[in-house]
Amino acid sequence: MMQPSLLRTCTALSLSCALLTACETHPNLHSDPTPDWHDVFWQTLSTHCGKSYAGELVSDNPMDVDFKGAPMIMHVAECSEDRIAIPFHVQQDGEWDRSRTWLVTRTDTGLRLKHDHRHEDGQSDAVTMYGGDTADKGSARSQAFPVDDFSIALFDREGLYASVTNVWSIEVDPVQAADPTFAYQLERTVEGGALEDRLFRVEFDLTQEVDTPPPAWGWE
């Protein structure tokens with residue numbers, strides 16, 4: 001029969017070996033640094049590259065009456081190491097408006113959202129390439145983009161004074177999530193300096209792909 005002291009020694013050695021093996025197999029047991037949520041979000045959005053999804057307006061601001069019930073399609077048309085281009089197509093009065101493309105790019109400190117607005121002949125609209133950069137880490141699913149100085153100057157020049165406190169956001173679930181959704185939102189609040197609250201939000205069902213639409217205007 002094994003002596004108690006020897007038994008305790010063997011047990012301790014076995015436990016130490018088991019813990020060492022667990023640490024090697026599961027690095028999460030170590031003190032991992034906080035994930036780069038900008039990068040995680042980018043990777044999640046990239047999982048939808050090449051895919052198109054149908055959506056709808058879910059906010060109820062009277063200013064957006066023309067969007068209410070309008071068919072919408074988003075197409076994650078371009079994915080590279082530093083840019084993801086997402087045309088946003090809206091059908092109104094039987095005709096498709098393909099003037100809008102959301103551009104998400106990487107910066108030295110996070111992510112940037114810009115709005116590329118074109119006319120049907122491909123020429124840039126007077127109000128284009130506005131947006132902003134992330135001001136915080138955000139999350140794996142959601143990133144917010146407060147209006148930047150370039151956009152404020154553009155809005156002032158074009159007389160769009162209500163837009164100088166805009167905050168845009170994008171939310172996206174990975175393809176394997178339960179009931180995955182993509183959302184684009186514009187918001188400004190009295191608390192954030194706006195004269196009145198404003199919310200525009202569209203959501204897209206990521207559970208089912210739709211046919212790829214024609215290219216956005218100017219992206220042919």
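Residues numbered from 1 in each chain as written. Predicted model: local features only at pLDDT ≥ 70, side-chain atom pairs only at ≥ 80, totals over all residues. Heavy atoms only, no water.

Caption draft 1: How the structure looks around the side chain of aspartate 97. Within the fold, aspartate 97 resides in strand E5 (residues 95-106). Engagement of the side chain of aspartate 97 in a polar contact is seen with the side chain of serine 99, the distance being 2.6 Å. Each residue touching aspartate 97, except ones within four places of it in the same chain, is listed here: Phe88, His89, Val90, Gln92 and Trp217. (Helix = DSSP H or I, 4+ residues; strand = E, 2+ residues; numbered from the N terminus. Polar contact = N/O pair within 3.5 Å; in protein donor to acceptor, adjacent residues only side chain to side chain. Contact = heavy atoms within 4.5 Å.)

Caption draft 2: Representation of the layout of surface pockets. Its boundaries defined by the atoms lining it, the largest pocket holds a volume of some 530 Å³. Together, 21 residues line the largest pocket, and Arg100, His117, Tyr130, Tyr184 and Leu186 are the ones closest to its centre. Counting residues per element, the ones that place at least two in the lining of the largest pocket are E5, strand E6 (111-117), strand E10 (181-188) and strand E11 (198-205). Per element, the largest residue contribution to the lining of the largest pocket is 3 residues, and it comes from E10. Of the residues in the lining of the largest pocket, the class split is 12 nonpolar, 4 polar and 5 charged. (1 Å grid on protein atoms, 1.4 Å probe; cavity = no way out; pocket = protein on both sides within 12 Å on 5 of 7 lines; lining within 4 Å. Points joined across faces, edges and corners; volume = space filled by probe spheres on them. Nonpolar A, V, L, I, M, F, W, Y, C, P; charged D, E, K, R; others polar.)

Caption draft 3: Representation of the packing of aromatic side chains within the structure. Taken as a whole and judged by the stated rule, the model has 10 aromatic pairs. Residues tryptophan 102 and tyrosine 184 carry aromatic rings whose centres are separated by 4.4 Å and whose planes lie at 10° to one another, so their mutual orientation is stacked. Of this pair, tryptophan 102 sits in strand E5 while tyrosine 184 sits in strand E10, and the two are 82 residues apart along the sequence. What makes tryptophan 102 buried here is its relative accessible area of 2%. With centroids separated by 5.9 Å and ring planes inclined at 65°, the aromatic side chains of phenylalanine 182 and phenylalanine 204 adopt a geometry described as edge-to-face. (Phe/Tyr/Trp six-rings, centres within 6.5 Å; stacked < 30°, edge-to-face > 60°. Buried < 20%, exposed > 50% of the residue type's maximum accessible area, 1.4 Å probe, protein only.)

Caption draft 4: Main features of the nonpolar core. Membership of the largest hydrophobic core comes to 34 residues, with the highest contact counts inside it found for Trp102, Phe182, Tyr184, Val202 and Phe204. Broken down by element, this core gets its largest block of residues, 4 residues, from strand E4 (residues 83-92). (Core = buried A, V, L, I, M, F, W, Y, C linked by side-chain atoms within 4.5 Å.)

Caption draft 5: Structural detail: the pairing of strand E9 (residues 167-172). Taken across its 6 residues, E9 has 5 buried, putting it largely inside the fold. Pairing of strand E8 (residues 142-146) with E9, which is carried by 5 bridges, proceeds in the antiparallel orientation. Counterpart to phenylalanine 145 in the pairing with E9 is tryptophan 168. Both E9 and E10 contribute to a ladder of 6 bridges, which runs antiparallel. The partner of serine 169 across the bridge, within E10, is glutamine 185. (Pairing = 2+ DSSP bridges.)

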